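Coordinate analysis (summary)
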Amino acid sequence: LLKLLGKKSSSYITIPGNDIHEEAKAAVKSLEDTLDMGFSVADYAQMAQMGIPVEKVRSQLVIFRNGISKVQLKKPATLSDGIVDMYDSRAKELAAYFDQRKDSLKLMKFVPASGAASRMFKFVLEFLAGFDAEKETINAYINRRKDESLRTFLIGIDKFPFFNEVLAVTKEREDYSALTKDRRYFGFIKTMLNDSAFDYANKPKGILPFHKYEDFTATPVYEHLKEAASYSSSQGVADVHFTISEEHLDGFLDAIKEAKVRVEAEYGVSINISFSYQHKQTDTIAVDIQNRPFRNEDGTLLFRPGGHGALIQNLNGLDADIVFVKNIDNVSLNHIDAIAFNKKALAGQLIELQEQVFECLRKIEQGDVTGQELRNMFAFAMAKLSVDVPEDIMKFTHEHRLEFARKIFNRPIRVCGMVKNEGEPGGGPFWVKGDDGKLSLQIVESSQVDLENPAQKEILASSTHFNPVDLVCGLKDYKGQRFDLNDFVDPSTGFIVYKNKMGKDLKSYELPGLWNGAMAGWITVFAEVPLTTFSPVKTVNDLLKPAHQPL
């Protein structure tokens, strides 16, 4: 309003005496600073409508201007140095312990599932746009584009779970029998991507056909419900929460209705399903290359989704003791028993550690902790929780030691499954040095690392394990109260990504990743799990791998 009227704040604010409330002074300063960034009254209205505080927008603009500091890798987490070896007998003990304790706990499975399948079909979309049947053969296109992905797709085309359904519609063309093999392939792909009955690239992965059973075709939704019935049910009930895009709600409801009935009949477990959307309040402002707010054609500010780190708000809203987190595309046709067993082992590990942590906190609260008991607590924190405890901690005052112990224990806990690194793109487990000089276990993406620093690049390359997004989380404290997960986010670990809109380059800010900076302040334990538990579908060709094909 000040800018609209062409007034400066000092000409407009009456000061009663010399006393201005601190909040009023801060509000004036905030408004002046924001006006300097060129926002209009309409911009403020847009932010208010989206529920995005002006202060948050300002902090994001500062990040664009100053950049994001890279993390400082100390060393990769390895077996016996940050990663627990869950050998068979130990895993059996932990899985059995989970089974003993689970009926006294509220369990939930949390599945991020809002992503569309466009990347999954990227190379076939490019083929559809770039192939000219009048001028070249498909083989010539493959050689010209060096597109081995398309070759693999066509060789295995009849093994895809959707093959028969798409082919039946493709054959409805009157001239189908007269078409060349190349024309038939082209028609199949066009039907798969453009026909309203399929339209796979525009649908979320969660409702696509992934697996072919004898009498039906299964979606990832079905597989996740089956998993939930196998390892995350308590007292005969399995709660599953999906984060989805609002526009895909109807598709999910249809997929879930069919899958729910089938899984409940197969496993004798009642399935409760809930949804949430990525909150618009977590969208972030985009800027041009000069770090000025990017505007749409109609003059409004461009806000973009804040990435999967925004889902910490969805996780924060769940009322559960133990939450299993797994991506929508990481499912298997053949390894459900191994998956369930290892999930239970991870959960048993979490419960066992959580009970020890809670015991420490109760002793601290009682206030009669001896020096030796504190030594034992710190030894436990270092050995089992990978907490960096100062060597001279026992030289501090008793009160200081108690406060330090309370701080390191009173945090949400996560146990993260890690698989051996076989070259998959993505994050991995590392020891990271914080600004305070202390080490902590973190899941780090390559984009967070200064790759121009040879030493940092070498540490990144020497990682022995990979993050499959296989988490079991404890969200409540020792009094049974939910933590506010926002208190444990490291805001300095977001990402600046480059995009293009309307032919113009722009920069976008993504929030600290859900299992990266969004959980940076958690108690973190890494444990090795077998590769059989990890079978993601990043491209459609992944459906041709053994984990997704009938035996």
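Report follows, based on the coordinates.

Parameters at a glance
- Residues numbered from 1 in each chain as written.
- Predicted model: local features only at pLDDT ≥ 70, side-chain atom pairs only at ≥ 80, totals over all residues.
- Heavy atoms only, no water.
- Phe/Tyr/Trp six-rings, centres within 6.5 Å; stacked < 30°, edge-to-face > 60°.
- Helix = DSSP H or I, 4+ residues; strand = E, 2+ residues; numbered from the N terminus.
- Buried < 20%, exposed > 50% of the residue type's maximum accessible area, 1.4 Å probe, protein only.
- Lys NZ or Arg CZ within 6 Å of the ring centre and 35° of its normal.
- Axes fitted to C-alpha atoms, helices over the stretch in contact; angles between N-to-C directions.
- Parallel < 35°, antiparallel > 145°, perpendicular 65-115°, else oblique.
- Left-handed = near helix turned anticlockwise from the far one by under 90°.
- Contact = heavy atoms within 4.5 Å.
- Nonpolar A, V, L, I, M, F, W, Y, C, P; charged D, E, K, R; others polar.
- Salt bridge = Lys/Arg side-chain N within 4 Å of Asp/Glu carboxyl O.
- 1 Å grid on protein atoms, 1.4 Å probe; cavity = no way out; pocket = protein on both sides within 12 Å on 5 of 7 lines; lining within 4 Å.
- Points joined across faces, edges and corners; volume = space filled by probe spheres on them.
- Patch = residues over 30% accessible without salt bridge, like charges linked within 9 Å, V, L, I, M, F, W, Y side chains within 5 Å.
- Areas by Shrake-Rupley, 256 points an atom, 1.4 Å probe, with all protein chains shown as cover.
- Lys, Arg positive; Asp, Glu negative; His and termini not counted.
- Charge placed at Lys NZ, Arg CZ, Asp CG, Glu CD.
- Pairing = 2+ DSSP bridges.
- Core = buried A, V, L, I, M, F, W, Y, C linked by side-chain atoms within 4.5 Å.

Focus: the packing of aromatic side chains
- In total, this model carries 24 aromatic pairs according to the counting rule given.
- Both rings, one in F131 and one in F186, keep their centres 5.7 Å apart while their planes meet at 45°; by these two values the pair is tilted. Of this pair, F131 sits in the loop between helix 5 (122-130) and helix 6 (138-145) while F186 sits in helix 9 (residues 181-194), and the two are 55 residues apart along the sequence.
- Here F131 falls in the buried class, since its relative accessible area comes to 9%.
- Seen in terms of ring centroids, F198 and Y200 are 5.7 Å apart; in terms of plane orientation they differ by 75°. Their pairing is edge-to-face. By the burial criterion, F198 is buried, and Y200 matches it.
- A connected cluster of aromatic rings, assembled from ring pairs, spans F121, F123, F153, F160, F162, F198 and Y200.
- The lysine or arginine in question, K75, covers the ring of W431, its NZ or CZ lying 5.6 Å from the ring centre.
- Residue placement shows R262 over the ring face of F216; its charged tip is 3.7 Å from the ring centre.

Focus: the packing of helix 13 (residues 336-366) against helix 14 (residues 371-385)
- Helix 14 packs onto helix 13 with a crossing angle of 155° between their chain directions and a minimal axis gap of 11 Å. If you check the angle between helix 13 and helix 14, you find them roughly antiparallel. Classified by chirality, the crossing of helix 14 by helix 13 is left-handed. Touching L353, Q356, V357, C360, K363 and I364 of helix 13 are E373, M377, F380, K384 and L385, all from helix 14.
- Here the contact of helix 13 with helix 14 is composed, by residue class, of seven nonpolar, one polar and three charged.

Quick notes on the pattern of salt bridges
- Under the definition given, this model contains 33 salt bridges.
- In this structure, D99 engages K102 in a salt bridge whose closest nitrogen and oxygen atoms are separated by 3.9 Å.
- E148 is the salt-bridge partner of R151, the closest N and O atoms lying 2.9 Å from each other. Taken together, the residues span about one helical turn, with R151 and E148 both in helix 7 (residues 148-155) at a distance of three residues.
- For R151, a relative accessible area of 24% corresponds to the partly exposed category.
- Where salt bridges share partners, they join R90, E93 and E352 into one cluster.

Re the layout of surface pockets
- Each pocket or cavity is described by its volume, and for the second largest pocket that value is around 1100 Å³.
- Along the wall of the second largest pocket there are 38 residues; nearest its centre are G434, D436, S440, Q442 and A520.
- Listed by contribution, the elements that provide at least two residues to the lining of the second largest pocket are helix 15 (398-409), strand 14 (428-433), strand 15 (439-444) and strand 20 (523-528).
- The element that contributes the greatest number of residues to the lining of the second largest pocket is strand 15, accounting for six residues.
- Here the residues of the lining of the second largest pocket are counted per class, giving 15 nonpolar, 13 polar and 10 charged.

Regarding a negative patch on the surface
- Judged by side-chain charge, D388, E391, D392, D435 and D436 come together as a negatively charged surface patch.
- In this fold, D436 is placed in the loop between strand 14 and strand 15.
- Relative accessible area serves as the criterion here: at 58%, D436 is assigned to the exposed category.

Considering the sheet that holds strand 18 (residues 495-501)
- Read across the open sheet, the four strands follow the order 11-10-19-18; overall the sheet is antiparallel. In this open sheet, the two edge strands, each paired with only one partner strand, are strand 11 (303-304) and strand 18.
- As paired strands, strand 18 and strand 19 (residues 504-510) are joined by seven bridges and run antiparallel to one another. Opposite V497, over in strand 19, you have S508 as the bridge partner.
- With respect to the sheet, helix 3 (residues 54-66) is in contact with strand 10 (284-287), strand 11, strand 18 and strand 19, its orientation differing from that of strand 10 by roughly 40°.

Re the nonpolar core
- Ranked by internal contacts, the top residues of the largest apolar core, which has 48 residues, are M86, I322, V357, F378, L385 and F409.
- Elements represented by at least two residues in this core include exactly helix 4 (88-101), strand 12 (322-326), helix 13, helix 14, helix 15, strand 13 (413-420) and strand 20.
- Per-element tally for this core: the top contributor is helix 13, with 13 residues.
- Those residues within four positions of V357 in sequence are excluded, and the remaining contacts are F380, L385, F409 and I413.
- Core analysis: the next-biggest nonpolar cluster, separate from the first, contains 37 residues, I142, A201, F210 and V540 among them.

Here's the deal with the pairing of strand 17 (residues 470-474)
- A large share of strand 17 lies buried, amounting to five of its five residues.
- Residues D470, V472 and G474 line one face of strand 17 and the alternating positions L471 and C473 line the opposite face, and both faces are buried.
- Judged from the five bridges that link them, strand 12 and strand 17 form a sheet pairing that is antiparallel. Bridged to K326 within strand 17 is D470.
- Relative to strand 17, strand 13 runs antiparallel, the two being bridged by four bridges. Counted as the bridge partner of R414 is C473 from strand 17.

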